[in-house]
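Chains, contacts and geometry: an overview
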Amino acid sequence: MKGLISFSLFIVIAIIVWLSITKDLSDSLQLQQTGNKPYVDIFMNDFELTAMDDSGAPGYILHGSHLQRFNNSDDTEIEYPVFHLLQKGAQWKITADNAILNNKNKTIRLNNNVFMQQQNIEPAVSIRTQTLLIHTETQIAQTQALINFTKGLSQMKSNGMIFNNITGELELLSNVNGVFLPYE
């Protein structure tokens, strides 16, 4: 009888150990499987980022309502960005519905209802488009999309532009038309 109880106890312990081992194994397999799926690595709500230039002065400031970056991407998604280019004597405020910030390429792509307005000058230049790529290090903004350029009573349209904020040069790329009036 003692042998039967010992054998039964041995079988029960063996089953419990086997179940605990297989349960641990299946848990570790599940962890490995979910490790391949993208997840939000970082996020912020109602944020402000300031990037400094080589001299330590603010190069640009970026505000937004929501920011998120996934673990498997170099891109940071931003909702309702407000982007301020802070070059001395050539400051711009740029708004959009959303943006993609890529620190690796040092770019920010603003999308949907992009509005770019010159600051601290009258009459101010305003540019409207649907997409705008800004190279944050060189402060060059460019697009291939239709732009609407306004300064005072002057209005122009173009398919695409390249704007260098450091030199102040604006190049309208193609199909340029409109009215450009002299300023007083």
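Structure: see above.
Think of each chain on its own: its residues are numbered from 1, step by step along the sequence as written. Given that the model is predicted, a residue must reach a pLDDT of at least 70 before its local features are reported, and side-chain atom pairs must reach 80 or more before they are shown or counted; all residues, however, enter totals for whole chains, interfaces and linings. Hydrogens and water are ignored here; the side-chain numbers use all heavy atoms of the structure.

Examining the overall build of the protein
To keep things clear, this is the line we draw: Strands are runs of DSSP state E lasting at least 2 residues, helices are runs of H or I lasting at least 4, and numbering of each runs from the N terminus. For every residue, the accessible area (1.4 Å probe, protein chains only) is compared with the maximum for its type, and the residue is labelled buried under 20%, exposed over 50%, or partly exposed between those bounds. In what follows, a contact means two residues having at least one pair of non-hydrogen atoms within 4.5 Å. All accessible areas in this document rest on Shrake-Rupley with a 1.4 Å probe, and a residue is counted as covered only by the protein chains that are shown.
When its secondary structure is counted, the protein shows 1 helix and 11 strands. Burial statistics for the protein: of 184 residues in total, 28% are counted as buried. Across the protein, every contact between residues at least 6 apart in sequence was considered, and the portion connecting residues at least 24 apart equals 33%. As displayed, the protein offers around 12,100 Å² of accessible surface, 56% of which is attributable to carbon and sulfur atoms.

Examining unusual backbone geometry
Geometrically, the link from E122 to P123 is a cis peptide bond, its omega value of -10° lying close to zero. Looking at the secondary structure, you find P123 in the loop between β7 (107-118) and β8 (125-135). The phi dihedral of D46 falls on the positive side, at around 45°, and the residue is not glycine. Residue position: D46 is located in strand β1 (residues 40-52). Take D46: its relative accessible area is 67%, and that puts it in the exposed class. For Q139, which is not glycine, the phi torsion reads 55° and is therefore positive.

Considerations on the pairing of β8
Rule in force here: In this description, strands pair whenever DSSP reports at least two bridges between them.
Of the pairings in the sheet, the one linking β7 to β8 comprises 9 bridges and is antiparallel in character. In the strand pairing of β8, L110 is matched with L132. If you look at the hairpin formed by β7 and β8, you'll find 6 residues sitting between the two strands, and N120 has a positive phi there, around 60°. Hairpin connection from β8 to strand β9 (residues 140-151): 4 residues lie between these consecutive antiparallel strands, with Q139 at a positive phi of about 55°.

Focus: the nonpolar core
Using the following cut-off: To define a nonpolar core, start from buried Ala, Val, Leu, Ile, Met, Phe, Trp, Tyr and Cys residues and group those joined through side-chain atoms within 4.5 Å.
One finds F83, I94, I108, L110, M116, L132 and I134 to be the most contacted residues of the largest nonpolar core, which totals 26 residues. Listed by contribution, the elements that provide at least two residues to this core are β2 (58-70), β4 (82-87), β5 (90-95), β6 (98-102), β7, β8, β9 and β10 (154-164). Aside from chain neighbours lying at most four places away, what touches L110 is P81, I94, A96, N98, A99, Q130, T131, L132 and I134.

What to know about the packing of aromatic side chains
Convention followed: Whether two aromatic rings pair depends on their centres lying within 6.5 Å, for rings of Phe, Tyr and Trp, where Trp uses its six-membered ring; planes under 30 degrees apart make the pair stacked, over 60 edge-to-face, and the rest tilted.
Counted under the stated rule, the structure contains 2 aromatic pairs. Between Y60 and F83, the aromatic rings sit 5.0 Å apart at their centres with planes inclined by 40°, giving tilted as the arrangement. Of this pair, Y60 sits in strand β2 while F83 is found in strand β4, placing the two residues 23 residues apart along the sequence. On the accessibility criterion, F83 (0% relative accessible area) is buried.

Some words on the environment of H63
Cut-off, in case you're wondering: Nitrogen and oxygen atoms within 3.5 Å of one another constitute a polar contact, given that in protein one can donate a hydrogen and the other can accept it, and given that sequence-neighbouring residues count only through two side-chain atoms.
Here H63 lies in strand β2. Through-space distance from the C-alpha of H63 to that of T50 is 8.9 Å; in sequence the pair is 13 residues apart. Not counting chain neighbours up to four residues away, the residues in contact with H63 comprise F47, E48, Y80, P81, V82 and H84. Of note is the side chain of H63, whose polar atom sits 3.4 Å from the side chain of E48.

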